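One-letter residues, chain by chain:
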Amino acid sequence: MTEKATTSGANRIGLTRDEMARRAALDIPDGAYVNLGIGIPEQVAGYVPEGREVIYHTENGLLGMGPSPGLGEGEPELINAGKRRVTALAGASFFHHADSFAMIRGGHIDLCVLGALQVSKHGDLANWSTGAPDAIPAVGGAMDLVAGVRTIYVITQHCTRAGEPKLVESCTYPLTGPAVVDRIYTDLAVIDVIPEGFQLVELAPGVEFSYVAERTGAELIPIRQESLGGEE
Amino acid sequence: MINKRIETTGEAVADIFDGAIVMVGGFGEAGSPIELIHALIDHGANDLTVVNNNTGSGEVGLAALIKAGRVSKMICSYPRTANSTVFPELYRSGRTALELVPQGTLAERIRAGGAGIPAFYTPTSVGTPLADGKEQRTIEGRSYVLEYGLTADFALIKCRAADHHGNLVYNKTARNFSPIMAMAAKTTIVQAADVVAPGEIDPECVVTPGIFVSLVVAVDEPAHESELVARGVSYP
């Protein structure tokens, strides 16, 4: 690795967090039931293209979740999985936790967008623990989501703050689930997990293939010629 | 005539004994039965095993119960929350044990416990450290982990309205674990903002049927955890 990815400042290469959320939002299909993880994934809802109706699920018992009510507004008992205040849209429903996870584990949720510590070339996801001995272990609903939701998208910085690749041969952190990730949106690229490994789908504007490949901890398969320019 | 109403939170929790397993409803502050938990602190029962998704925040409600040293074990999915400092301290010093359970598995274990199902197979946690040491089985080509149903001696539940039979209606995302905890506990103790006569809750709208409820106490204006924490309140 010749130089480390710049994660902030004027020399920034690649997408901002908002731009990553905006890019992922383009792939949320009309009519989908979607669960968004805490952090950057939450921002995806704000960028879904007009004309698409998406129903958001939050595992603490709400389908039809709407946007944040604004600072100081809302109700303490109308919250999302991140325990932040949200709204309920017309057509929303409330339900208890066993029903909520029946929706998840039972394959009724179409798509889930999550953050990641590491993703392996086999689609293994690690996003709940660094395995540090003094850390308080906390898993929440992540293992249920990856076990049950049909399509799993990950949004993450391509590298850690220290410049280490987060897309790796095999995860060194404890797994959330094996072979679960379908697609990864990073600040540098969109990458699919296919049986052969990491398949580049598109590069962020101004980013070269070699730059991404050097910062990926496993082989990055170039875009196949026949698919070039196919989707936008 | 059936009337499960009881006058005070203190009477409601009076039978909770040392060593009891207590399920506490709520996800974060939504649905947290703070007044019943505070009554439990006053009551003094010790060596409790508490089942809740989290471990409370600040020094009120569940966090105050933990801080008071009454909880020897927590069974939960996410013992880390903003403003949650009490549990991490006791956990690190070895004074409170932790059984970490994926959230959906926790919910299903409680549901199963209440439904008379002793164990079930789930795909959640397969291939992760949380499946270590657990019986596994392959069914139609996919691996599953055996998880056991969870029951409790008591459940502490908060709801919006209850009638004298114990039929309950909740408030928005404050419902969360409460309906299944009400099913899984031998004695379910409910605090309701409104206690009404039978017939005042439309049977089509009852969420928890009264058969799962033992005692109902009116708490007209329940406190909100975030407001208490913001004011720096510490209980007692």
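Keep in mind it's a predicted model, so treat the numbers as computed, not measured.

A short note on the packing of aromatic side chains
Then step 1. Under the definition given, this model contains three aromatic pairs over all chains.
Then step 2. Look at A:Tyr153 and A:Tyr185: their rings are 5.4 Å apart centre to centre, the planes differ by 70°, and that puts the pair in the edge-to-face class. Placement of the pair is A:Tyr153 in strand S8 (residues 151–155) and A:Tyr185 in strand S10 (residues 183–185), with a sequence separation of 32 residues.
Then step 3. By relative accessible area, A:Tyr153 is classed as buried at 12%.
Then step 4. For A:Tyr185, a relative accessible area of 1% corresponds to the buried category.
Then step 5. Measuring from ring centre to ring centre gives 5.6 Å for B:Phe87 and B:Tyr91, while their planes differ by 25°; the resulting arrangement is stacked. Note that B:Phe87 and B:Tyr91 are positioned in helix H4 (residues 86–92) at a spacing of four residues, about one turn of the helix.
Then step 6. Under the relative-accessibility criterion, B:Tyr91 is labelled partly exposed at 27%.
Then step 7. Here the basic side chain of A:Lys83 rests over the ring of B:Phe27, its NZ or CZ set 4.4 Å away from the ring centre.
Then step 8. The ring centre of A:Tyr211 lies 3.6 Å from the NZ or CZ of A:Arg215, which sits over that ring.

Here we look at the confidence of the model for chain A
Then step 1. A residue-level look at chain A finds 92% of positions with pLDDT of 70 or above and a mean pLDDT of 92.
Then step 2. Counting contacts from residues 1–10 of chain A, a segment whose pLDDT is below 50, to residues more than four positions away or on other chains yields 17 contacts.

As for the sheet that holds strand S3 (residues 62–66) of chain A
Residues and elements named next belong to chain A.
Then step 1. An order of S4-S3-S2-S1-S5-S8-S10-S11-S12-S13 is seen for the ten strands of this open sheet, with the pairing classed as mixed. With partners counted over all chains shown, the strands left at the sheet margins are strand S4 (87–94) and strand S13 (220–221), one partner each.
Then step 2. Bridge analysis of strand S5 (residues 111–114) against S8 gives four bridges, and the strand direction is parallel. Opposite Leu114, over in S8, you have Val154 as the bridge partner.

Remarks on the side chain of B:Ser32
Then step 1. Note on placement: B:Ser32 falls in the loop between strand S1 (21–24) and helix H2 (34–43).
Then step 2. Ignoring sequence-local partners within four residues, the contact set of B:Ser32 consists of B:Gly25, B:Gly26, B:Ile37, B:Lys158 and B:Glu225.

A word on the interface of chain B and chain A
Interfaces are frequently sized by the accessible area removed from exposure as the parts join.
Then step 1. Listed by partner, the interface residues are 47 residues for chain B and 36 residues for chain A.
Then step 2. Taken over both partners, the interface formed by chain B and chain A buries close to 3400 Å², and the fraction arising from carbon and sulfur atoms is 64%.
Then step 3. Among the residues of chain B in contact with chain A, B:Phe27, B:Lys172 and B:Thr173 are the three that bury the most area, contributing 19% of the side total.
Then step 4. At the surface where chain B touches chain A, the tally comes to two salt bridges.
Then step 5. For A:Glu77, the salt bridge goes to B:Lys158, with nearest N and O atoms at 2.9 Å.

What to know about helix H1 (residues 17–25) of chain A
Then step 1. Listed as buried for H1(A) are A:Met20, A:Ala21, A:Arg23, A:Ala24 and A:Ala25.
Then step 2. Where H1(A) is buried, its residues touch helix H2 (40–43), S8, S10, strand S11 (189–194) and strand S12 (197–203) of chain A.

Re the packing of helix H3 (residues 97–105) of chain A against helix H5 (residues 103–115) of chain B
Then step 1. Across the interface, H3(A) lies against H5(B) with an axial gap of 9 Å and an inter-helix angle of 125°. In terms of orientation, H3(A) lies oblique with respect to H5(B). Every pair of crossing elements has a handedness; the one defined by H3(A) and H5(B) is left-handed. Taken together, the residues of H5(B) that come into contact with H3(A) (itself represented by A:His97, A:Ala98, A:Phe101 and A:Arg105) are B:Gln103, B:Gly104, B:Thr105, B:Ala107, B:Glu108 and B:Arg111.
Then step 2. Residues that form the contact of H3(A) with H5(B) fall into these classes: three nonpolar, four polar and three charged.

Considerations on H5(B)
Residue and element names in this part refer to chain B.
Then step 1. Taking 1.5 Å per residue, 13 residues should reach 18 Å; H5 reaches 18 Å between its end C-alpha atoms and fits that length.
Then step 2. Most of H5 sits inside the fold, with ten of its 13 residues counted as buried.
Then step 3. Backbone geometry just downstream of H5 places Gly116 in the positive-phi region, at approximately 80°.

What to know about the environment of A:Thr156
Residues and elements named next belong to chain A.
Then step 1. Among the structural elements, Thr156 can be located in the loop between S8 and strand S9 (167–168).
Then step 2. A relative accessible area of 4% means that Thr156 is categorised as buried.
Then step 3. Here the alpha-carbon distance between Thr156 and Trp128, two residues 28 residues apart in the chain, equals 14 Å.
Then step 4. Non-local contacts of Thr156, meaning those with residues more than four positions away in its chain, are made with Met20, Ala116, Lys166, Ile184, Tyr185, Thr186 and Asp187.
Then step 5. Side-chain polar atoms of Thr156 contact the side chain of Lys166, separated by 3.0 Å.

Observations regarding the pattern of salt bridges
Residue and element names in this part refer to chain B.
Then step 1. Counted under the stated rule, the structure contains 16 salt bridges over all chains.
Then step 2. The shortest N-O distance in the salt bridge between Glu147 and Lys134 comes to 3.0 Å. Within this pair, whereas Glu147 is found in strand S7 (residues 142–148), its partner Lys134 is found in the loop between strand S5 (119–122) and strand S6 (136–139), the two being separated by 13 residues in sequence.
Then step 3. The exposure class of Glu147 is buried, given its relative accessible area of 4%.
Then step 4. The class for Lys134 is partly exposed, based on a relative accessible area of 29%.
Then step 5. A salt bridge links Asp153 to Lys186; its shortest N-O distance comes to 3.0 Å.

Cut-offs used in this document
- As a convention, each chain's residues are numbered from 1 in the sequence order in which they are written.
- Lettering of chains starts at A and numbering of ligands starts at 1, both following the order in which they are written.
- For this predicted model, a pLDDT threshold of at least 70 governs which residues receive local features, and a threshold of 80 or more governs which side-chain atom pairs are given and counted, while totals over whole chains, interfaces and linings are taken from all residues.
- For the side-chain quantities, the full set of heavy atoms in the structure was used; hydrogens and water were omitted.
- Here a pair means two rings of Phe, Tyr or Trp (six-membered ring of Trp) with centres within 6.5 Å. Their orientation is stacked below 30 degrees between planes, edge-to-face above 60, and tilted elsewhere.
- Helix and strand labels come from DSSP, where a helix needs a run of H or I of at least four residues and a strand needs a run of E of at least two; each type is numbered from the N terminus.
- Think of it in three bands: with a 1.4 Å probe and only protein chains considered, a residue is buried below 20% of the maximum accessible area for its type, exposed above 50%, and partly exposed in between.
- To sit over a ring, a charge needs its Lys NZ or Arg CZ within 6 Å of the ring centre and within 35 degrees of the ring normal.
- Confidence of the prediction at every residue is given by pLDDT, a number between 0 and 100.
- Two residues form a contact once any of their heavy atoms are found within 4.5 Å.
- Being paired, for any two strands, means DSSP has found at least two bridges between them.
- Here's the idea: put two parts together, see how much 1.4 Å probe accessible area each one loses, and the total over both is what we call buried area.
- In what follows, salt bridge is the name for a side-chain nitrogen of Lys or Arg lying within 4 Å of a carboxyl oxygen of Asp or Glu.
- A fitted line through C-alpha atoms serves as each axis, taken over the contacting stretch for helices, and the angle formed by two N-to-C directions is quoted from 0 to 180°.
- Put simply, angles under 35 degrees are roughly parallel, angles over 145 are roughly antiparallel, angles from 65 to 115 are roughly perpendicular, and the rest are oblique.
- Less than a right angle of anticlockwise turn of the near helix away from the far helix marks a crossing as left-handed, whereas a clockwise turn marks it as right-handed.
- Gly counts as polar in this scheme, as do all residues outside two lists: the nonpolar Ala, Val, Leu, Ile, Met, Phe, Trp, Tyr, Cys and Pro, and the charged Asp, Glu, Lys and Arg.
- Take the number of residues in a helix, subtract one, and multiply by 1.5 Å to get its expected span.
- Pairs of N or O atoms within 3.5 Å make up the polar contacts considered here, provided that, within protein, one atom can donate a hydrogen while the other can accept it, and that residues adjacent in sequence are counted only when both atoms are side-chain atoms.

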